[in-house]
Amino acid sequence: MLTSRLSPPLNRSPIRLKLAGVLLLVGIGHAASLFGFFLADDFYNLNNALRGGWSLNNITQGFLIDNYCFQDGWTPPFLSQFTLHYFRPVFVLSLLLDHAVWGLKAWGYHLTNILLHLMVVGSLFGILREWLPSKDTLALFGAAFYGLMPYHGMSVAWISGRTEILAALGIMVSLWAFLRFDRTRRFTDYILSVTAGLFALLSKETAVVLPLLLTAAWTFRPNRRHFSFLWLLPHYLLLISYLTARAKILDGFPVPPSSIYYHSLDEPGFALWALAKATAVFYDLFLHFPLVFPAEMILQQKPLILVLLAGGAIVIALKLFFILRQQPDNQIRRAALFALCWAVLPMLPTAPILIAPIYFYFSLAGVTLFYLILWEILSIPGRVLDPSHGKGRKRLCYGLLISFALALQVGNALYISGSLHAKRLLYQIAGVVQSHPPAKKVYLIDSPFISGPPKAGFEMLWPEHPFKLYFLSVHPQEWRRAGTPSRIRQLDPYTLEITAIERPYAAVGGAFAMGATERSTIQAGNIFKTDDYTITLSEIVASGPRGLRGVRQFIFRFQSEIKNPDKLFFFYSDGSFHPLNPF
């Protein structure tokens, strides 16, 4: 039976040693990320932080990420109009501290992420002990289980994922201190809860759910003492103050325009998209079945598959409901309801945004508590996990941890390979640019997007060599099975032609293979201009029932002669950039 009082053990040393062992295990599980480099948003975020230095005004101001952090040229509307405003002083300060210690040594930033993740795991262990008193072994398993979850690979291995870790750390410490205050009435715990709540809000805006989570803890806490709701009032006042300050700094509450990244509530088809996302998130959170972006968009286009998956989710949810309903212990049911609130509430701020593993970081802690409660229910004598079958229980525990640790390494390997690829490409281009001092404009043909070299990367690593960066096309379209790569040729002194063989381009300058969502953009005859050239789409290849998935041929018509000492062209092939000088 769950109780509200935790009987202190006679000797705390063994549990501390076991917790240290769990943290060591989790740290080893994430150690591979130390070999990674910077990737994608890492360049934008660190560059933004370094521009203003250590001034308080810089740390507490809002930042903007848009297309021009990526390149200076043309991109489709859904990218060129996409902007992200954020107010995250703690995150900015952490990057400045890392830079002061490590400079631009990426492994130091990764080490910070791992240490912060271990602090989150330790805080979760404290919370689990409050909800599962006298179940230290179960709490230790829950901490290890959470710490090694494969989805955390993105949050920990990706430096920009630190925003999730910092916010989760603040929320968990606030919740843990709040639960301790409920039990001990030590005012220092209450002060810590409020302070950690402020830390969370200044780390990432998703921490706005903290007062609601504390309210759920206050509501479902088993056998809580006479505890007035007024103790929660400071958390709500803090939230109001934060939202007021954030609105003033960011000039309101700016949201990104509707795109493949963000869907507004009044957008046609939002309800179907929301159902697809909710279904995918259910399988992601509770079954760890990887249905991340663009799964929600695919399901939206496949109603039959969506109905089957949604029906399966409903069946599983009803089964869990009946398992909980059959329990005579009301305290177990209350704890399970709180765990579900913990799993669902943090996902609400991300509701209009695409599915990404980093958004699961804090919610998976609530899922962990829910798992442990189910474990207790199914451990009743005669049930599936009957304690009399101890060896089977241990094998299941170890099997789950080993499978998670192995899957985590797969995610780490993907991140490391992508970031090291980005590093190699950056240094390849920089080497050529530095050997051509007049070069002021760089054109990349068939450049990969995620591991490609963004403009912010050059500005951060080589600020003394300013130049403009243009992506004439993204996503390498070499069709290896056919052995026929894309080809390029110069038609005249002003015109360059690029043709994709076999596999069409997904989108002109786009980030993902989402041409079907940009039907108005990918049209034969469309013309797009930038300061130095005009792009004419001369041929369209229809593919699939939705059609217009990609472009097969580009014609780049320059307003001045292509042969110019201030222009450098690079063609991506076989995993590297090669200088292109056909003129």
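Numbering of residues starts from 1 in every chain and runs along the sequence as written. At least 70 in pLDDT is required for a residue's local features to be given in this predicted model, at least 80 for side-chain atom pairs to be given and counted, and no such filter applies to totals for whole chains, interfaces and linings, which use all residues. Calculated side-chain values reflect all of the structure's heavy atoms, with hydrogen atoms and water omitted.

A.B. asks: Describe in detail the pattern of salt bridges, supporting the description with residues and values.
C.D. replies: Throughout this description, the term salt bridge denotes a Lys or Arg side-chain nitrogen within 4 Å of a carboxyl oxygen of Asp or Glu. Scanning the entire structure with this criterion turns up 15 salt bridges. For Arg-221, the salt bridge is made with Glu-130, and the minimal N-O distance between the two is 3.4 Å. Within this pair, whereas Arg-221 is found in the loop between α11 (210–220) and α12 (233–249), its partner Glu-130 is found in helix α6 (residues 106–131), the two being separated by 91 residues in sequence. Glu-130 carries the same exposure label as Arg-221, and that label is buried. Across the pair Arg-186 and Asp-189 runs a salt bridge, and its minimum N-O distance is 3.6 Å. Runs of H or I in DSSP of at least four residues are treated as helices and runs of E of at least two as strands, each being numbered from the N terminus. The rule is simple: take the accessible area with a 1.4 Å probe, protein chains only, and divide by the maximum for that residue type; under 20% is buried, over 50% is exposed, in between is partly exposed.

A.B. asks: Let's hear about empty space enclosed by the protein: which residues, and what values?
C.D. replies: Note on definitions: the grid is 1 Å and covers protein atoms alone; a cavity is a set of points where a 1.4 Å probe fits but cannot get out; a pocket is an open set with protein on both sides within 12 Å along at least five of seven lines; lining residues have an atom within 4 Å of a point. Grid points are joined across faces, edges and corners, and a volume is the space filled by probe spheres set on the points. Overall, the coordinates contain four cavities of 30 Å³ or more when judged by the stated rule. Taken as a whole, the largest cavity encloses approximately 80 Å³ of empty space. Classes in brief: Ala, Val, Leu, Ile, Met, Phe, Trp, Tyr, Cys and Pro nonpolar; Asp, Glu, Lys and Arg charged; the others, Gly included, polar. Residues of the lining of the largest cavity, tallied by class, amount to six nonpolar, two polar and one charged.

A.B. asks: Which residues make up the packing of helix α7 (residues 136–147) against helix α17 (residues 363–377), and what are the values?
C.D. replies: Running from N to C, α7 and α17 cross one another at 140°; their axes reach a closest spacing of 10 Å. With respect to their mutual orientation, α7 and α17 come out oblique. Both α7 and α17 take part in a crossing whose hand is right-handed. Touching Leu-138, Phe-141, Gly-142, Phe-145 and Tyr-146 of α7 are Leu-364, Ala-365, Thr-368, Tyr-371, Leu-372, Trp-375 and Glu-376, all from α17. For the contact of α7 with α17, the class distribution of residues is nine nonpolar, two polar and one charged. Throughout, an axis means a line fitted to C-alpha atoms (over the contacting stretch in the case of helices), and angles, computed between N-to-C directions, take values from 0 to 180 degrees. The scheme is simple: roughly parallel for angles under 35 degrees, roughly antiparallel for over 145, roughly perpendicular for 65 to 115, oblique for anything else. Take the far helix as the reference: if the near one is turned anticlockwise from it by less than a right angle, the crossing is left-handed, and if turned clockwise, right-handed. What makes two residues a contact is simply this: any of their non-hydrogen atoms within 4.5 Å.

A.B. asks: Describe the sheet that holds strand β10 (residues 567–573), listing the residues and the values that go with them.
C.D. replies: The pairing criterion is simple: DSSP has to find at least two bridges between the two strands. A sheet is described by the order of its strands in space; here four strands give the open sequence β4-β3-β10-β11, paired in mixed fashion. The open sheet has two free edges, formed respectively by β4 (468–471) and β11 (576–579), since each of these has just one partner strand. When strand polarity is set aside, the average angle formed by the axes of neighbouring strands in this sheet is 25°. Of the pairings in the sheet, the one linking strand β3 (residues 441–445) to β4 comprises four bridges and is parallel in character. The partner of Leu-444 across the bridge, within β4, is Phe-471.

A.B. asks: Talk me through helix α15 (residues 303–325); I want residue IDs and the actual numbers.
C.D. replies: For α15, which comprises 23 residues, the first-to-last C-alpha distance of 32 Å matches the rise-based estimate of 33 Å (1.5 Å per residue) to within 8%. Along α15, the positions that sit buried rather than exposed are Leu-306, Ala-310, Ala-313, Leu-320, Ile-323 and Leu-324. Elements that come into contact with the buried residues of α15 comprise α13 (270–287), α14 (295–301), α16 (330–344) and α17. To estimate the expected span of a helix, count its residues, drop one, and scale the result by 1.5 Å.

A.B. asks: Can you break down the packing of aromatic side chains residue by residue, with the values?
C.D. replies: In this description, a pair of aromatic rings is defined by centroid distance and the angle of the planes. When the centres of two rings from Phe, Tyr and Trp lie within 6.5 Å, Trp using its six-membered ring, the rings pair. Their planes under 30 degrees apart give stacked, over 60 give edge-to-face, and anything left gives tilted. For the coordinates displayed, the defined rule picks out 32 aromatic pairs. Judged by centre distance (5.8 Å) and plane angle (35°), the rings of Phe-270 and Trp-273 are tilted. With Phe-270 and Trp-273 both in helix α13, this residue pair falls three residues apart, about one helical turn. For the ring pair Trp-342 and Phe-362, a centre distance of 5.7 Å and an interplane angle of 45° mean the geometry is tilted. In this pair, Trp-342 is assigned in helix α16 and Phe-362 in the loop between α16 and α17, connecting sequence segments 20 residues apart. Judged by its relative accessible area of 6%, Phe-362 falls in the buried class. The residue whose ring lies beneath Arg-185 is Phe-181, and the NZ or CZ to ring-centre distance is 5.6 Å. Whether a charge sits over a ring depends on NZ of Lys or CZ of Arg being within 6 Å of the ring centre and within 35 degrees of the ring normal. The cationic tip of Arg-221 hangs over the ring face of Trp-131; the distance from NZ or CZ to the ring centre is 5.8 Å.

A.B. asks: Explain the nonpolar core to me, and be specific about the residues and the numbers.
C.D. replies: Definition of nonpolar core: a set of buried residues of the types Ala, Val, Leu, Ile, Met, Phe, Trp, Tyr and Cys, connected through side-chain atoms within 4.5 Å. Within the largest apolar cluster, 139 residues are counted, with the highest numbers of intra-cluster contacts made by Phe-38, Tyr-146, Met-172, Leu-175, Phe-338, Trp-342 and Leu-369. The leading source of residues in this core is α6, at 12 residues. Ignoring sequence-local partners within four residues, the contact set of Phe-38 consists of Phe-43, Leu-46, Leu-104, Ala-106, Tyr-109, Ile-159, Tyr-415, Ser-419, Ala-422 and Met-460. Of all hydrophobic cores here, the second largest spans 18 residues; its members include Leu-39, Ala-40, Ala-157 and Ala-422.

A.B. asks: Let's hear about the layout of surface pockets: which residues, and what values?
C.D. replies: Approximately 550 Å³ is the volume attributed to the second largest pocket. If you go around the second largest pocket, you meet 17 residues; those closest to its centre are Thr-137, Leu-138, Phe-141, Lys-394 and Cys-397. Residues of the lining of the second largest pocket, tallied by class, amount to 10 nonpolar, two polar and five charged.

A.B. asks: So, the side chain of Glu-130: which residues are in play, and what are the values?
C.D. replies: Under the relative-accessibility criterion, Glu-130 is labelled buried at 3%. For Glu-130, the residues in contact, after removing those within four places along its chain, are Trp-176, Leu-179, Arg-180, Arg-183 and Arg-221.

A.B. asks: Break down a nonpolar patch on the surface for me, with residues and values.
C.D. replies: Patch membership is restricted to residues that have no salt bridge and whose relative accessible area is over 30%. Joining uses 9 Å for like charges and 5 Å for the nonpolar side chains Val, Leu, Ile, Met, Phe, Trp and Tyr. Reported accessibility uses the Shrake-Rupley method at a 1.4 Å probe radius. Residues are deemed covered only where the shown protein chains occlude them. Together, Leu-230, Leu-233, Leu-237 and Ile-240 line one region of the surface with nonpolar side chains, adding up to about 400 Å² of accessible area. The topology assignment puts Ile-240 in helix α12.

A.B. asks: Please provide a residue-by-residue account of the side chain of Ser-576, values included.
C.D. replies: Take Ser-576: it is sitting in strand β11. Judged by its relative accessible area of 17%, Ser-576 falls in the buried class. Looking at Ser-576, its side chain comes within polar contact range of the side chain of Gln-428, at 3.4 Å. Setting aside residues up to four positions removed in sequence, Ser-576 forms contacts with Arg-424, Leu-425, Gln-428 and Phe-571. Under this definition, polar contacts are N or O atom pairs within 3.5 Å; protein pairs additionally need one hydrogen-donor-capable and one acceptor-capable atom, and for neighbouring residues in sequence, both atoms have to be side-chain atoms.

A.B. asks: Residues and numbers for the pairing of β11, please.
C.D. replies: As paired elements, β10 and β11 share four bridges and run antiparallel to each other. Paired with Tyr-572 across the bridge in β11 is Phe-577.

A.B. asks: Give a detailed account of the environment of Ala-439, specifying residues and quantitative values.
C.D. replies: For Ala-439, the location among the structural elements is in the loop between α18 (390–434) and β3. Each C-alpha atom, one on Ala-439 and one on Lys-567, is 5.6 Å from the other, the two residues being 128 residues apart in sequence.

A.B. asks: Can you break down the packing of α13 against α15 residue by residue, with the values?
C.D. replies: Packing of α13 against α15 brings their axes to within 10 Å, and their N-to-C directions diverge by 50°. One finds that α13 runs oblique with respect to α15. Seen along the crossing, α13 lies across α15 with a hand that is left-handed. Here Leu-272, Leu-275, Ala-276, Thr-279, Phe-282, Tyr-283 and Leu-287 of α13 lie close against α15, whose contacting residues are Leu-306, Leu-309, Ala-310, Gly-312, Ala-313, Ile-316 and Ala-317. When its residues are assigned to classes, the contact of α13 with α15 shows 12 nonpolar, two polar and no charged.

A.B. asks: Can you lay out unusual backbone geometry for me, pointing to particular residues and giving the numbers?
C.D. replies: Backbone geometry places Arg-185, a non-glycine residue, at a positive phi of 60°. Within the secondary structure, Arg-185 sits in the loop between α9 (162–184) and α10 (187–201). Residue Arg-185 is classed as partly exposed on the basis of its relative accessible area of 28%. With a phi angle near 55°, His-288 is a residue other than glycine that sits in the positive phi range.

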